[in-house]
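# Structural overview
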Amino acid sequence: MLIVVGAAMIGVLVEAFAPRRLRHTIQVSIALVGLLAAFLVLVLVSTRSANQGGTLREAVIIDGPALFLQGALLLMSILGVLTMAEKFGGQGADAFTPMGAAIPGSPHEAAALRAGLATSEVFPLTMFAVLGMMLFPAAGDLLTMFVALEVLSLPLYLLSGLARRRRLLSQEASLKYFLLGAFSSAFFLFGAALLYGYAGSIYLSDIAKAINTASGTMEGLLLPGVLFVLIGLLFKVGAVPFHSWTPDVYQGAPTPVTGFMAACTKVAAFGAILRFVYVGVQASRWDWRAGVIAVAALTMVVGSVLSVTQTDVKRLLAYSSIAHAGFILVAVLAFDVTGVTGTMFYLVAYGFMTIAAFAVVAMVRQGGSEASHLSQWAGLGRNHPVVAGVFAFLLLAFAGIPLTSGFAAKYAAFAPAVSFGGRSGVALVIIGVLSSMVTAFVYVRLIVLMYFTEPPAGEPVVAQVASPLSTVAITVGTLVTLVLGVMPSQVLDLAQRSSVFLLR
């Protein structure tokens, strides 16, 4: 985490002092080197048992789940930075406006384009977001968790409003994300205050001890405190009914940011949920478990059913991500170590396929703009068979078709619910299977559109020739999706070995 924040601060200095024509190259290099160095240190140093434990007075806990999720976050962030750096032949990153403060369509924006300006500050902003994401699942107390929540959220609010095209939609997405995110943060903070009043401490381990040795004097604060904190956390994963921001933000944000946000934010937020419910409040789960079960069921149903009605590919993937959040919640609610294993494996599988899918969406253009409407994808398989084939494979992985990581991930998530979740777990798995069938129809419909539908008359849809950066991101994401579907045992074993939380 120190390496990541150091790279972010160096990026701020580069933005202030480096020549304009060199900033993009320097910023991309610093971000990639910082993320790669952080991953190497994590693998070579931090995973040693002697280096695991609490630090900063137990505010940060470095244990198996934290290290596994931090490693996944760093690898996904590398792919996210590669997609953000894509130029498609332009001077700056293709997805981002040259001047974020310019009013869409104003003379200032036109002047910025002529001057060759570029918002290269997106890379240090991304690094700060990665710092918050890494801290989130490792937080040992509610205050550190709240700080991590804000550190990862604030850069994303900015990044969502910097799209180069459809600027008004992008700025609207940024504003909605900020307002609803602030609202959910208030819920989290109020819940943390109630739990502090209940336990006399903000540390998760102290809250767990207070629950196990309940005196009855402050019992009325426990349940509302847990529910308010869960509302703040469930908002970040887009669970129903806290999902209203997801389709608008996914559609309006720059497409590489959408992929980065969809993958990495889920990893960080579910890591925080796992630590909160397994370390802090597991002993009281019978008081609030039914409510979270209802949220999981609603999330799967709403995400899958509403994806059928979507005509924009980014909104379709947004509702798909909502459904996947419900699938992951099924594993969380197993309340067994195998549920932790299934959750972490699902997060890895979903994250890589998501970044690759949004990178492909960014490539498909019509008239210089992204072909976001589904009708524009008709006939893509005939003109660009490789691009369409990769996207079709990723869609099948989202659907959970065998020999893809999506199938292995669903099995890893649903099996603990059947074994340890009781009747409610079995019911959730049945809902999950039915929801998967609905989403499979949506994905297959898009595949049929690409391969078996005549393209509309007019300007043809083309797939831009990507630079090696985007090509590497798409290739790695697709290969990981294939390998985890054919040979998932290595990552599953690693997740199993890393699934035990360190209790103070």
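Residues numbered from 1 in each chain as written. Predicted model: local features only at pLDDT ≥ 70, side-chain atom pairs only at ≥ 80, totals over all residues. Heavy atoms only, no water.

### Focus on the overall build of the protein chain
Defined as follows: Think of it this way: any DSSP run of H or I at least four residues long counts as a helix, any run of E at least two long counts as a strand, and we number them from the N terminus. Radius of gyration here is computed from C-alpha atoms only, and the compact-globule reference equals 2.2 Å multiplied by the residue count raised to the power 0.38. To sort residues, take the accessible area from a 1.4 Å probe on protein chains only and compare it with the maximum for the residue type: under 20% means buried, over 50% means exposed, and anything in between is partly exposed. Note on definitions: a residue-residue contact is assigned when non-hydrogen atoms from the two residues lie within 4.5 Å. Per-residue accessibility takes into account occlusion by the displayed protein chains alone, with areas from the Shrake-Rupley method and a 1.4 Å probe.
What the protein chain contains, in helices and strands, is 20 helices and five strands. A globule of 504 residues ought to have a C-alpha radius of gyration of about 23 Å, and the protein chain, at 22 Å, matches this closely. Taking the principal axes of the C-alpha coordinates as reference, the protein chain spans close to 70 × 50 × 40 Å. Relative to its full complement of 504 residues, the protein chain shows a buried share of 60%. Put simply, of all contacts in the protein chain between residues at least 6 apart along the chain, 80% involve residues at least 24 apart. As displayed, the protein chain offers around 19,000 Å² of accessible surface, 70% of which is attributable to carbon and sulfur atoms.

### Thoughts on the sheet that holds strand E4 (residues 369-370)
Worth spelling out the cut-off: Strand pairing requires that DSSP identify at least two bridges connecting the strands. For every element, the axis is a line fit to its C-alpha atoms; helices are fit only across the contacting stretch, and the angle between N-to-C directions ranges from 0 to 180 degrees.
The strand order across the open sheet built from three strands is E4-E3-E5, with neighbouring strands paired in antiparallel fashion. Looking at strand neighbours, the two that pair on one side only are E4 and strand E5 (462-463), the edges of this open sheet. Most of the contacts of helix H14 (residues 337-363) go to strand E3 (residues 364-366), to which it runs at about 25 degrees, and overall it touches E3, E4 and E5.

### Some words on the pattern of salt bridges
Let me state the cut-off plainly: Note on definitions: salt bridges are taken to be side-chain nitrogens of Lys or Arg within 4 Å of carboxyl oxygens of Asp or Glu.
Throughout the structure, instances matching the rule amount to seven salt bridges. A salt bridge links Glu172 to Lys176, with the shortest nitrogen-to-oxygen separation between them at 2.8 Å. Remark: Lys176 and Glu172 occur in helix H7 (residues 167-199); sequence separation between them is four residues, near one turn of the helix. The class of Glu172 is partly exposed, set by a relative accessible area of 38%. Note on Lys176: relative accessible area 28%, which makes it partly exposed. Salt-bridge contacts for Arg315 lead to Asp248; the nearest nitrogen and oxygen are separated by 2.9 Å.

### Side note on the environment of Lys87
Of note, Lys87 is situated in the loop between helix H3 (64-84) and helix H4 (107-115). Since its relative accessible area comes to 28%, Lys87 is described here as partly exposed. Sequence separation between Lys87 and Phe407 is 320 residues, and the spatial gap between their C-alpha atoms is 34 Å. Excluding anything up to four places from it in sequence, Lys87 contacts His24, Gly92, Ala93 and Asp94.

### A word on the environment of Val465
If you trace the backbone, Val465 turns up in the loop between E5 and helix H19 (468-486). Overall, Val465 belongs to the exposed group, its relative accessible area being 74%.

### Details of unusual backbone geometry
Pro241 follows Val240 through a cis peptide bond whose omega is 10 degrees. Following the sequence through the fold, Pro241 ends up in the loop between helix H9 (219-237) and helix H10 (245-252). Residue Glu58 is not a glycine yet carries a positive backbone phi of 65 degrees. Structurally, Glu58 can be placed in the loop between strand E1 (53-55) and strand E2 (60-62). Take Glu58: its relative accessible area is 25%, and that puts it in the partly exposed class. Residues other than glycine seldom take positive phi values, yet Phe335 does so here, at roughly 50 degrees.

### Considering helix H11 (residues 255-280)
As a reminder, the rule being used: For a helix, the expected span equals 1.5 Å multiplied by the residue count minus one.
Taking 1.5 Å per residue as the helical rise, H11 with its 26 residues ought to reach 38 Å, and the 36 Å between its terminal C-alpha atoms agrees with that figure. The element H11 is largely enclosed, with a buried count of 26 among its 26 residues.

### Quick look at the side chain of Thr144
Positionally, Thr144 belongs in helix H6 (residues 142-160). A relative accessible area of 14% means that Thr144 is categorised as buried. In contact with Thr144, other than residues within four places in its own chain, are Ala59, Val60, Leu135 and Ala139.

### Some points on the layout of surface pockets
Any empty space left between the atoms is revealed when a probe the size of a water molecule rolls over them. Quick note on the threshold: With a 1 Å grid laid over protein atoms only, a set of points is called a cavity when a 1.4 Å probe fits there but cannot get out and a pocket when it is open yet has protein on both sides within 12 Å along at least five of seven lines; lining residues have an atom within 4 Å of a point. Grid points are joined across faces, edges and corners, and a volume is the space filled by probe spheres set on the points. Residue polarity is assigned by list, with Asp, Glu, Lys and Arg as charged and Ala, Val, Leu, Ile, Met, Phe, Trp, Tyr, Cys and Pro as nonpolar; anything else, Gly included, falls into the polar class.
Quantified by volume, the largest pocket comes out at close to 550 Å³. The wall of the largest pocket is formed by 23 residues, among which Met1, Leu2, Ser46, Ile62 and Gln70 lie closest to the centre. Every element with two or more residues in the lining of the largest pocket is listed here: helix H1 (2-17), helix H2 (20-46), E1, E2, H3 and helix H5 (122-135). At five residues, the largest contribution of residues to the lining of the largest pocket is made by H2. Class assignment of the residues belonging to the lining of the largest pocket gives a composition of 16 nonpolar, seven polar and no charged.

### Section: the nonpolar core
Where we set the bar: Residues grouped as a nonpolar core are buried Ala, Val, Leu, Ile, Met, Phe, Trp, Tyr and Cys residues, joined through side-chain atoms within 4.5 Å.
Core analysis: the biggest nonpolar cluster contains 175 residues, and Phe136, Phe276, Val277, Trp377 and Phe391 have the highest contact counts within it. For Phe276, the residues in contact, after removing those within four places along its chain, are Leu142, Leu195, Leu204, Val226, Val229, Leu230, Leu233 and Val281.

### Focus: a nonpolar patch on the surface
Worth spelling out the cut-off: Note that patches include only residues with greater than 30% relative accessible area and no salt bridge, and the join distances are 9 Å for like charges and 5 Å for nonpolar side chains (Val, Leu, Ile, Met, Phe, Trp, Tyr).
A cluster of nonpolar side chains, contributed by Ile3, Leu36, Leu40, Val41, Val43, Leu44 and Val45, occupies part of the molecular surface with about 530 Å² of accessible area. Per-element accounting of the nonpolar patch gives the leading share, six residues, to H2. In this structure, Leu36 sits in helix H2. What makes Leu36 partly exposed here is its relative accessible area of 43%.

### Quick look at the packing of aromatic side chains
For clarity, the threshold we go by: For Phe, Tyr and Trp, rings pair up if their centres lie within 6.5 Å, where Trp contributes its six-membered ring, and each pair is then called stacked (planes under 30 degrees apart), edge-to-face (over 60) or tilted (otherwise). Charge-over-ring placement is defined geometrically: NZ (Lys) or CZ (Arg) within 6 Å of the ring centre, and within 35 degrees of the ring normal.
In the structure shown here, the tally under the stated rule is 18 aromatic pairs. On the numbers, 6.4 Å between centres and 65 degrees between planes, the contact of Trp245 with Tyr250 is edge-to-face. Both residues of the pair, Trp245 and Tyr250, count as buried. Every member of this aromatic cluster is reached through a ring pair, and the members are Tyr157, Tyr177, Phe178, Phe235, Trp245, Tyr250 and Phe358. Positioned above the aromatic ring of Phe335 is the side chain of Arg285, whose terminal nitrogen or guanidinium carbon lies 5.1 Å from the ring centre.

Read these as geometric descriptors, not functional statements.
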